[in-house]
Amino acid sequence: MRARVLIRPKQGILDPQGQAVERALPALGFEGASEVRVGRMVELEVEDASRLDEMCERLLANPLIEDYEVTVE
Amino acid sequence: MRFGVVRFPGSCDETDALLACKRYGDAELLWHGDSDLWGVDAVVVPGGFSYGDYLRVGAIARFSPVMDAVAEHARAGGIVFGICNGFQVLCEAGLLPGALLPNAGLRFVCRQVDVEVVNADTPFTRACEPGDILSIPVKHTTGRYYAPEEDLRDLDAHGQILLRYREGHNPNGSVADIAGVSNRERNVMGLMPHPEHAVDPLTGSADGGRLFESMATALAPA
Amino acid sequence: MSAGAASADRLAEARALGLNDFEYELIVEKMGREPNGVELAVFSLMWSEHCAYKHSKKLLGRLPTEGPHLLMGPGENAGAVTVGSGLAIAFKVESHNHPSAVEPFQGAATGVGGILRDVFAVGARPIAVLDSLRFGELSSGRSRYLLDGAVSGIGHYGNSIGVPTVGGEVYFEGPYEQNCLVNAMCLGIAREDRLIRSAAAGVGNLLVLMGARTGRDGIGGASVLASAELDSKDASKRPTVQIGDPFEEKRLLECCLELLDRGALRSLQDLGAAGLSSSSSEMASKGEVGLDIDVSRVPLREDDMEPFEIMVSESQERMLCVIEPDKLAELEEVCGRWEVRATAIGEVTGGRRLRVLDGDEVVGDMPVDALVDDCPLYDLEPAAPSEQIYAPPPRVLDPAADARETLLALLSSHNLASRRPLFEQYDSIVQSRTVRRPEDADAAVLQLAPDGGEGAIAVSIDGNGRRVACDPYTGTVEAVLECAANLACVGAEPLGLTNCLNFGNPEKPHVAWQLERSVAGMADALRELGVPVVGGNVSLYNESGDGPIYPTPVVGMVGALPDAALAPRSGFSEEGHVVAFVSAGVEPSLPGSELAKLRGDELPLGLPEVDVAAVREMLDAVRSAARGGGLASVHDVAEGGVAVALAESCLARGVGASVSLPDSSLDAMFGEGVGRFLVAGERSAIEALGDRAAVIGTVGGDALEIEGAGSWSLSELRDAHAALAEAFV
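All of the points below concern the structure found in this document. It should be emphasised that the depicted structure is a prediction, and the values quoted were computed from it without experimental measurement.

## A few points about the packing of aromatic side chains
Inspection of the entire model under this criterion finds ten aromatic pairs over all chains. For the ring pair C:Tyr176 and C:Tyr550, a centre distance of 6.0 Å and an interplane angle of 90° mean the geometry is edge-to-face. Residue C:Tyr176 is located in the loop between β5 (165–172) and β6 (181–191), and its partner C:Tyr550 is located in the loop between β20 (547–548) and β21 (552–561); the two are separated by 374 residues in the primary sequence. In this structure C:Tyr176 comes out as buried when scored by relative accessible area, which is 1%. The structure contains a cluster of three or more aromatic residues connected by ring pairs, namely B:Phe3, B:Tyr24, B:Phe81, B:Phe124 and B:Phe212. Its guanidinium or amino end placed over the ring of B:Phe63, B:Arg62 lies 4.1 Å from that ring's centre, counting from NZ or CZ. The ring of C:Phe247 carries C:Arg251 above its face, with NZ or CZ at 4.6 Å from the centroid.

## Observations regarding the interface of chain C and chain B
Buried accessible area, meaning the area lost when the parts come together, often serves as the stated size of an interface. Between chain C and chain B, the contact holds 32 residues from the first and 26 residues from the second. Interface of chain C and chain B: buried area, both sides summed, is about 2,300 Å²; carbon and sulfur atoms make up 54% of it. It is C:Phe247, C:Glu424 and C:Arg437 in chain C that bury the most area against chain B; as a group they hold 26% of the surface buried on that side. Viewed at the interface, chain B and chain C are joined by three salt bridges. A salt bridge links B:Arg111 to C:Glu424; the nearest nitrogen and oxygen atoms lie 2.8 Å apart. Taken together, chain C and chain B are joined by ten residue pairs in polar contact (both at pLDDT 80 or more). Listed by contribution, the elements that provide at least two residues to the side of chain C that touches chain B are α8 (141–161), α9 (246–261) and β14 (434–436) of chain C. If you tally residues by element for the side of chain C that touches chain B, the top one is α8(C), at five residues.

## Points about the nonpolar core
If you look at the biggest cluster of nonpolar residues, it comprises 67 residues, and the most contacted ones within it are C:Phe135, C:Leu147, C:Met210, C:Leu259, C:Leu265, C:Leu268 and C:Leu331. Of all hydrophobic cores here, the second largest spans 66 residues; its members include B:Cys21, B:Ala27, B:Leu95 and B:Ala179.

## As for the interface of chain B and chain A
Across the contact, 16 residues belong to chain B and 15 residues belong to chain A. The largest share of the area that chain B buries against chain A comes from B:Leu55, B:Arg56 and B:Leu106, three residues that together contribute 40% of it. On inspection of chain B and its partner chain A, the count reaches one salt bridge. Between A:Glu66 and B:Arg56 there is a salt bridge, and its shortest N-O distance comes to 3.9 Å. One can count four residue pairs in polar contact (both at pLDDT 80 or more) joining chain B with chain A. Elements with a contribution of two residues or more to the side of chain B that touches chain A: β5 (99–101) and β8 (144–146) of chain B.

## A short note on the environment of C:Ala78
Tracing the chain through its elements places C:Ala78 in the loop between β1 (70–72) and β2 (79–84). Ignoring anything within four residues of it in the chain, the contact list for C:Ala78 reads C:Met72, C:Phe91, C:Lys92, C:Asp118, C:Val119 and C:Val122.

## Let's talk about the state of the cysteines
Here the structure, examined in full by the defined rule, presents zero disulfides over all chains. The thiol of B:Cys91 is unpaired, and the distance to the nearest cysteine sulfur, on B:Cys84, comes to 12 Å. You can call B:Cys91 buried: its relative accessible area is 9%. The thiol of C:Cys255 is unpaired, and the distance to the nearest cysteine sulfur, on C:Cys335, comes to 3.5 Å.

So, how was this worked out
Residues numbered from 1 in each chain as written. Chains lettered and ligands numbered in written order. Predicted model: local features only at pLDDT ≥ 70, side-chain atom pairs only at ≥ 80, totals over all residues. Heavy atoms only, no water. Phe/Tyr/Trp six-rings, centres within 6.5 Å; stacked < 30°, edge-to-face > 60°. Helix = DSSP H or I, 4+ residues; strand = E, 2+ residues; numbered from the N terminus. Buried < 20%, exposed > 50% of the residue type's maximum accessible area, 1.4 Å probe, protein only. Lys NZ or Arg CZ within 6 Å of the ring centre and 35° of its normal. Contact = heavy atoms within 4.5 Å. Buried area = accessible area lost by both parts, 1.4 Å probe. Salt bridge = Lys/Arg side-chain N within 4 Å of Asp/Glu carboxyl O. Polar contact = N/O pair within 3.5 Å; in protein donor to acceptor, adjacent residues only side chain to side chain. Core = buried A, V, L, I, M, F, W, Y, C linked by side-chain atoms within 4.5 Å. Disulfide = S-S within 2.5 Å.

In C-alpha cells form, the structure reads like this:
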C-alpha cells in the first residue's frame, strides 16, 4: 500500500524557511498568509503499515525537532 | 596516539582532519562500511556532506556499520570527536544531546569566528584555560544548535557546554551561543567550528591545534 | 512516401534544429544519403555553434598556445601547465550563461559540475573553483533573483563536493539584464606523468558509461524530433532543465581518480553539451577510430526514451571511458565500492564510423570526421561601428560632487562594494591548501605542501565588459594585464591562461568586429607577456531585442610563487609603514571608468593605447618585490582609481592611512589605467623598488586622509563598502 509521511518542524522551534516564505508571499501580492511552516514529504510503498511509526521515529523524522503525520491509502 | 578519521560517502574534510591529526599522533582513515575501528584511540567524525545531507543532515550516516563500532567505543569510554557534519551525525546517533538546525540566516556561511573555552576540564580542552579565545573557521548551512530548555539547564549544570561563540560571533543562531558540547561522561564532543582548519598559521590560525593537542595528551601513556 | 517529400520533411526538421540549407546539403553529401532522425539530431548538435565553434574557430587560431610550462594545450577536456616538483595544474573556464538565465541555481550549479568533470577527466583532482558573474543592475528584481540563485547554486555544488571556491568576480551593468553571464573556472592537480587524454584507442576495447542514469535533461530544441506528440499533460516527456547532484559527482570523481591511479583506464571523457553524441564522436575523432554505441544498454531514468534522446541527453554527472576488456571486472569492483553505476555500452571499432545501435538494430551510422572536423567554419564579416552602440548608463551621481562624496558613492556602488556577502556563501578553505582567502590578497594563493610540492600557486579570474565595449582591442589588453597584475601582487609568475569569450550575435558586423578586435588584443598582450592559452570556451548569441551584451572576454590565469608565507596581502597592517604608489607611467583617465558610469557619461569609442611592454616591466618589478618578503601589502589600482584602492587597503585589515597625492584632482584620484599599484611596508623595502615608487604617506590611525581632498573614518568607509549585503537579505 501507498503511504505518505509529512514531516514538519515542531511548534516552537524557529523555522527560518517558513519565515522566509511568509515574508516573500506579500512581496508577490499574496496577502493574508501566516503561520507558514516548511517541511518534507516522503512517499513510499509498504507491505506492512504497522511499521511506519517506527520508520518515522528511527529514520524519516528526528522526534527531538520534528513532528510527523502518516497517511496510508 | 592513534586517531581514526571516519570517511562516509560525501565526507569532505576527512583528509583535512587526517592532516591535522598527523601533527599530533598517528592517523588513518576508517571506511564507513567497515565496523572495525582497528584499535584507534580516538575517533574523529569529520565535516562534509555525508550521503549528500539527504533526508536530514547526518541521518543516514549514523546507521553506517562504522557507527555501531563508534558507539561501542564511546560507551566504553573511548574518545570520539565530531566536527560539523560529524557533530550532526553524533546527535542523530544519540551520542550527544540536542540537534543541529538550519542556520537562522538560511545561507551557508564560511567565516573565521572567535569561540570561548567554557570548560577546560575535558580531554578535548585541557590544553586550554577557561576563558581562552580560539580563532577557528565555521562553514555550514545547518549549524544552529538546539536543545529544549530543560536539557540546556542540565548541560550547563554538568559542564557539558565546552565552547561558546564570543559575543557578536554567533554565525547561525545557536541557542545560548553554543558552539561545542560533550556528553555527560565528557568522552564524546561535537562542535560546529572546524579546528582541523586552524592548525597552521600559514592557512589561518593555529588555535584549533590545542584541541588535538589536548586529545593527544589525554591518551599519552601516564 | 516519395524521396522528394521525405526530403522536404527532413529539411524542415533540419532548419528547426538550427541548421541552414547549405549545412544540410553538406551533411547529405558527407553521408552519401539523407540522414535519418537520429543522425540529424546528432549532426545538428555537433554542428551547432556551441559544439563546433563555427564562427570563432578561425579567430581562436590566432591565440598563442606555446609556452615553457605548457603540458597540455587547447583541444583536451582541460589544459595543463607544470608547476614544479613533478606536479601539474589542469584548468579551464566554461560558460553556462543560457541555462543560468532560465534557472539560475541549477544553471550555475551544473556549470560548476561540468567544469569539475572537465578537470578530473584529464586525471587531475579538482582543488579550486572561481566564478565570473555578470547581471543587470540590482534595481531590477530579476537581476537580484539571478544573482541570489547563481551564488547559491555555485555554493551548493562546490561546497557539497568539497572543492573550495577561492575567488571570482561579479559585475552589474544594464546590457546583461536579459543575458546574464555565469562563467565557472576550475583548477585541478595531478602528477605530471598521470595526466590522461580523451582519445579512444584500441579496436575491440570497451566503451563504459559511468555515473548517473540518463533522462531527458537539456534535450531542448531537439524535441522537435520526438515521434510521440507532446500532450500538454505529459510533463514527464517534456525536456527538462539540467539538475545537478554533487553527491553523485563526488562519488564519480573519487571513483575515476582511483581507476586512473590503478592504470585501469585507456581514456576518459566527460559528458557535457550534447551528451553521448559529442563525447563519443570526439573520443573517436582524436583516436582515429570508430565507436559502436548500443543505446538499449544505457541506464535510463525515464521510460520510453527514443534513441535520439539518449544520444543527445545532457543528464549530469556522467563520464565515458575506454578500457581493455580484461579490466572490466576491476572497474566494476571499484565502481561498486564507490556506489557508482557502470555499464559497458559499446566498443571501439576499426572503421571511422559512429554507429548507434538499439539492441541489434543499427539506428544511426555517421562518419566521425564529418561530425567533428567537417563542420563548415565561417569567416566573420567585421565592420567597426561609426558610433558607440551602447547607451550611456543612468546617472546616479552628480558630476559636481566633491571628492568626499565621490569616494563614498564609488565604494557603495555594486561593482565596487565588498563581495563578502557572496564569498561567505562559499567554502574557501576545504582541502587545506588556501593560504590567501577571498579579500585577503589580490589573488587566491594555494600551497602545494599537501601534495608533496614546494611553493604555491596563485589564481585570478578577471573580465571586462564596459571597457571592452569602449575599445574591444585595448579593453581586452587591459583585462589580460589586470589578471597578470593580480598575480604579480602576490609574487606569482603567470604560467598559462584560460579564456571565455562572451559576445553577442557574431553574424552582425559590429559584434564580429568586437570579437575580432578582442581576440587580436588578447593575442598581442599574451605574446608580450609570454603566456599561452591552455584552453577555453566561447559563448555567442548573448543578445536580446535590446541589443548585445557588452563584449566580455573573461580570463583566468594561473601562476606559481616560491614561498606561500611571503605572499603579500592587499591591506595595510602596521602603524608607521610607508605607503608608496608604483606606476608604469600610464596617465589615469575617466572615460570608460566606474566614476564615468556613476555620472552617466557616454561611453567613449576608443581608449588610450596601453604600452604593454612598459606594463610588463612594471609587473616584473612588482612580482620581484612581492617575493622579497619586505612588502606587507601590495594592491593593484584598478576600478575606481587610486582613491578607491587606498580605501580598500585601509578596509582590508582595518588600518587607516594618511597620504598626499601629487595631483588631487578628481581625474587623478579616480581615473583608471592599467599598471599601477599601492604598496606598503618598511621604508627599505619600498626604496628597493627604485624610482618607479613614489612615497605618498604612512599607515596608521582609524581614518583615510588624502591631503587636499578629504578625510573618511574607517567606519563610514566600511558602511559604504557593505552595500551588497542588502542584495542577500
